[in-house]
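Letter by letter, the chains look like this.
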Amino acid sequence: MNHSRRGFLKKTLGTCWTGAALMEQAVFRATHARAQAVDGLPTLFDIEKVADGIYAAIARPETLLNCNAAIFENSADLLIVDTHSKPSAVTALVSQIRREITKKPVRYVVNSHFHWDHTQGTSSYRKIAPHADVVASEATRNLLSENGVDRLKKSVAETEKSLASYKEKMGAAKNPQEKAAFQHLIHDSTAYLAEMRNYTPELPNVTFDRDLIIHDKAHDLHLAFRGRAHTSGDVVVYCPQKKVIATGDTLHGFSPFIADGYPAEWPNTLLHFAEFPFEHVIGGHAAVQHTRTRLYQVCNYLDELTDTVTKGKRSNKTLAQIQQATTPDKLKSLADGGYGKFIQDSLIRYQAAIPGEDSSTVLSSAVQTNIAEIYAALERS
């Protein structure tokens with residue numbers, strides 16, 4: 001999910017801890033995310049048991065966003081979905097898994113899609129588990145092969161630009177807390193650049209077109225591709241015995257990222273995934289969902305927004321005119337079941353804080369971004 005998503009590093013200053021000053025929240029988050037584990041590696045995830053033998057590693061807010069990981073514990077080994085934004089995040093997660101869950105080896109790694117924050121750690125699994133298979137759709141392998149190097153260069157360039165901005169703003173910091181927050185942003189950005197400058201994308205060695213089923217004594221794992229959505233190669237991993245599905249970024253707690261997506265096809269792809277009778281969703285970002293409701297809410301939101309943008313273009317309205325006329329309060333899909341508030345709360349809670357950004361506009365900013373993405377995507381075949 002290339003996080004030029006809301007400008008690559010455009011994060012939201014949160015208000016999750018009621019009564020705390022905004023800058024105190026930022027410093028608290030930074031300290032929390034960098035807490036050191038007993039082996040000296042940072043604890044970047046909160047591991048949650050979703051069902052017997054299935055866990056979600058929920059990414060803590062970081063300057064360079066990591067995705068979640070879904071961990072399926074088989075009888076003798078592990079299958080892990082997605083590999084985060086950098087190899088060091090994988091190293092930290094595997095260490096945490098060994099402390100908190102099991103010392104079983106990693107046997108399968110699944111790339112749900114090709115975006116940087118879900119794939120750039122794959123090389124670390126090659127070192128940790130050299131005999132593990134890296135699995136993806138054929139389309140995802142092709143996208144990694146064709147775009148991986150270029151996307152990395154763009155992420156490095158964006159990070160360099162943001163780093164310069166953080167340094168300038170730290171010089172104008174108004175108090176020690178604000179200065180500390182910018183120091184954290186500078187530290188993380190500098191570390192990312194040092195780690196990723198000479199990085200080479202790792203390609204999957206196992207691909208499939210529609211279905212791949214792994215039969216294990218503990219449970220079955222059904223890997224499925226059902227069409228274009230967030231990208232042209234999104235796959236999910238479903239466990240029928242435990243009724244858990246890992247969905248990458250086709251279904252998560254943030255607003256959809258559509259810059260590489262297919263908004264007219266995405267809802268139909270989700271409805272195909274709904275044919276699996278899951279009860280729990282481990283999405284690519286934000287909290288585990290213990291409901292199927294969000295899937296239909298995402299479908300309705302994408303349908304409504306795509307219809308709005310399509311009609312606007314047919315009426316020769318400019319992008320700015322469509323954005324001005326389409327505010328969150330005018331979208332029925334966001335009011336349905338509190339979906340708009342759900343997105344807003346997730347963005348505030350699970351993205352890193354940048355001093356000075358206004359959390360009250362996070363939902364409207366997400367809608368405006370989605371309108372621009374759909375406006376461009378309507379020309380995509």
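Coordinates for the structure precede this section.
Throughout what follows, the structure given in this document is the object of discussion. (Residues numbered from 1 in each chain as written. Predicted model: local features only at pLDDT ≥ 70, side-chain atom pairs only at ≥ 80, totals over all residues. Heavy atoms only, no water.)

## Thoughts on the overall build of the protein
Line of reasoning, step 1. Each helix and strand counted, the protein has 12 helices and 12 strands in total.
Line of reasoning, step 2. Going through the 381 residues of the protein one by one, you find that 58% of them count as buried.
Line of reasoning, step 3. At a minimum sequence separation of 6, the contacts of the protein that also span at least 24 residues come to 72%.
Line of reasoning, step 4. Carbon and sulfur atoms make up 51% of the accessible area of the protein, which amounts to about 15500 Å² in all. (Helix = DSSP H or I, 4+ residues; strand = E, 2+ residues; numbered from the N terminus. Buried < 20%, exposed > 50% of the residue type's maximum accessible area, 1.4 Å probe, protein only. Contact = heavy atoms within 4.5 Å. Areas by Shrake-Rupley, 256 points an atom, 1.4 Å probe, with all protein chains shown as cover.)

## Observations concerning the sheet that holds strand S4 (residues 78-81)
Line of reasoning, step 1. Taken together, 7 strands build an open sheet; the order of strands is S1-S2-S3-S4-S5-S6-S7 and the sheet is mixed. Strand pairing shows two members of the sheet lacking a second neighbour, strand S1 (45-51) and strand S7 (206-208), which therefore form its edges. This sheet shows a mean twist of 20° between the axes of neighbouring strands, independent of strand direction.
Line of reasoning, step 2. One ladder, built from 4 bridges, connects strand S3 (residues 69-73) with S4; its direction is antiparallel. Residue Phe 72 lies in a different strand from S4, and its bridge partner there is Leu 79.
Line of reasoning, step 3. Running at roughly 50° to S1, helix H2 (residues 87-100) makes contact with S1, strand S2 (54-59), S3 and S4 of the sheet. (Pairing = 2+ DSSP bridges. Axes fitted to C-alpha atoms, helices over the stretch in contact; angles between N-to-C directions.)

## A word on the nonpolar core
Within soluble globular proteins, side chains that are nonpolar tend to cluster in buried spots.
Line of reasoning, step 1. Core analysis: the biggest nonpolar cluster contains 63 residues, and Phe 72, Leu 79 and Val 237 have the highest contact counts within it.
Line of reasoning, step 2. Among the elements that take part in this core, helix H8 (residues 293-314) stands out by supplying 7 residues, more than any other.
Line of reasoning, step 3. Apart from residues no more than four positions distant in its own chain, Phe 72 is found in contact with Gly 53, Ile 54, Asp 77, Leu 78, Leu 79, Val 81, His 219, Leu 221, Val 237, Cys 239 and Ala 246.
Line of reasoning, step 4. Residues Phe 45, Tyr 55, Ala 132 and Val 134 belong to the second largest nonpolar core, which totals 22 residues. (Core = buried A, V, L, I, M, F, W, Y, C linked by side-chain atoms within 4.5 Å.)

## A look at the environment of Phe 273
Line of reasoning, step 1. Of note, Phe 273 is situated in helix H7 (residues 266-273).
Line of reasoning, step 2. For Phe 273, a relative accessible area of 2% gives the class buried.
Line of reasoning, step 3. Separated by 38 residues in the primary sequence, Phe 273 and Val 235 have C-alpha atoms spaced 9.5 Å apart.
Line of reasoning, step 4. Beyond its immediate sequence surroundings of up to four residues, Phe 273 is in contact with Ala 224, Arg 226, Asp 234, Val 236, Ile 245, Thr 250 and Phe 278.

## Observations regarding the packing of aromatic side chains
Line of reasoning, step 1. Per the counting criterion, the structure on display carries 5 aromatic pairs.
Line of reasoning, step 2. Ring centres of Tyr 166 and Phe 182 lie 6.5 Å apart, and the angle between their planes is 40°; on these two criteria the pair is classed as tilted. One end of the pair, Tyr 166, is in helix H5 (residues 138-171); the other, Phe 182, is in helix H6 (residues 176-196), and 16 residues separate them in sequence.
Line of reasoning, step 3. With a relative accessible area of 2%, Phe 182 lands in the buried category. (Phe/Tyr/Trp six-rings, centres within 6.5 Å; stacked < 30°, edge-to-face > 60°.)

## A closer look at the sheet that holds strand S10 (residues 235-239)
In a beta sheet, neighbouring strands pair by backbone hydrogen bonds and run either parallel or antiparallel.
Line of reasoning, step 1. If you trace the 5 strands from one edge of the open sheet to the other, you get S8-S9-S10-S11-S12, paired in mixed fashion. In this open sheet, the two edge strands, each paired with only one partner strand, are strand S8 (211-215) and strand S12 (280-283). Averaged over all adjacent pairs, the angle separating strand axes in this sheet is 20°, with direction ignored.
Line of reasoning, step 2. With 5 bridges connecting them, S8 and strand S9 (residues 220-225) associate as antiparallel partners. Looking across to S9, one finds that Ile 214 is bridged to Leu 221.

## Considerations on the pattern of salt bridges
Line of reasoning, step 1. Following the criterion strictly, the structure yields 13 salt bridges and no others.
Line of reasoning, step 2. A salt bridge links Lys 104 to Glu 73, with the nearest nitrogen and oxygen atoms 3.1 Å apart. Of the two residues, Lys 104 sits in the loop between H2 and strand S5 (106-110) while Glu 73 sits in strand S3, which places them 31 residues apart along the sequence.
Line of reasoning, step 3. Classification of Glu 73 by relative accessible area gives buried; the value is 16%.
Line of reasoning, step 4. A salt bridge links Asp 307 to Lys 311; the nearest nitrogen and oxygen atoms lie 3.2 Å apart. Highlighted residues: Asp 307 and Lys 311, both in helix H8, separated by 4 residues, approximately one helical turn.
Line of reasoning, step 5. Connected through salt bridges with shared partners, the residues Arg 210, Asp 211 and Arg 226 form a single ionic network. (Salt bridge = Lys/Arg side-chain N within 4 Å of Asp/Glu carboxyl O.)

## A short note on H6
Line of reasoning, step 1. Between its terminal C-alpha atoms H6 stretches 30 Å, which fits the 30 Å expected from 21 residues at 1.5 Å a residue.
Line of reasoning, step 2. Along H6, the positions that sit buried rather than exposed are Glu 178, Ala 181, Phe 182, His 184, Leu 185, Ile 186, Asp 188, Ser 189, Tyr 192, Leu 193 and Met 196.
Line of reasoning, step 3. Structurally, the start of H6 carries an N-cap: the backbone nitrogen of Gln 177 is 3.2 Å from a side-chain oxygen of Asn 175. (Expected span 1.5 Å × (residues − 1). Polar contact = N/O pair within 3.5 Å; in protein donor to acceptor, adjacent residues only side chain to side chain.)

## Examining the pairing of strand S11 (residues 244-248)
Remark: a regular strand shows side chains that alternate across the two faces of the sheet.
Line of reasoning, step 1. Here S11 lies mainly inside the structure; 5 of its 5 residues are buried.
Line of reasoning, step 2. Alternating positions in S11 separate into two faces, Val 244, Ala 246 and Gly 248 on one and Ile 245 and Thr 247 on the other, with burial throughout.
Line of reasoning, step 3. Bridging between S10 and S11 involves 3 bridges; their strand directions are antiparallel. Its bridge partner being in S11, Cys 239 is matched across the sheet by Val 244.
Line of reasoning, step 4. Linking S10 back to S11 in an antiparallel pair, the connection comprises 4 residues, with Lys 243 at a positive phi of about 55°.
Line of reasoning, step 5. Once you follow S11 into H7 and on to S12, the crossover reads as right-handed. (Right-handed = clockwise from strand over helix to strand, strands pointing away.)

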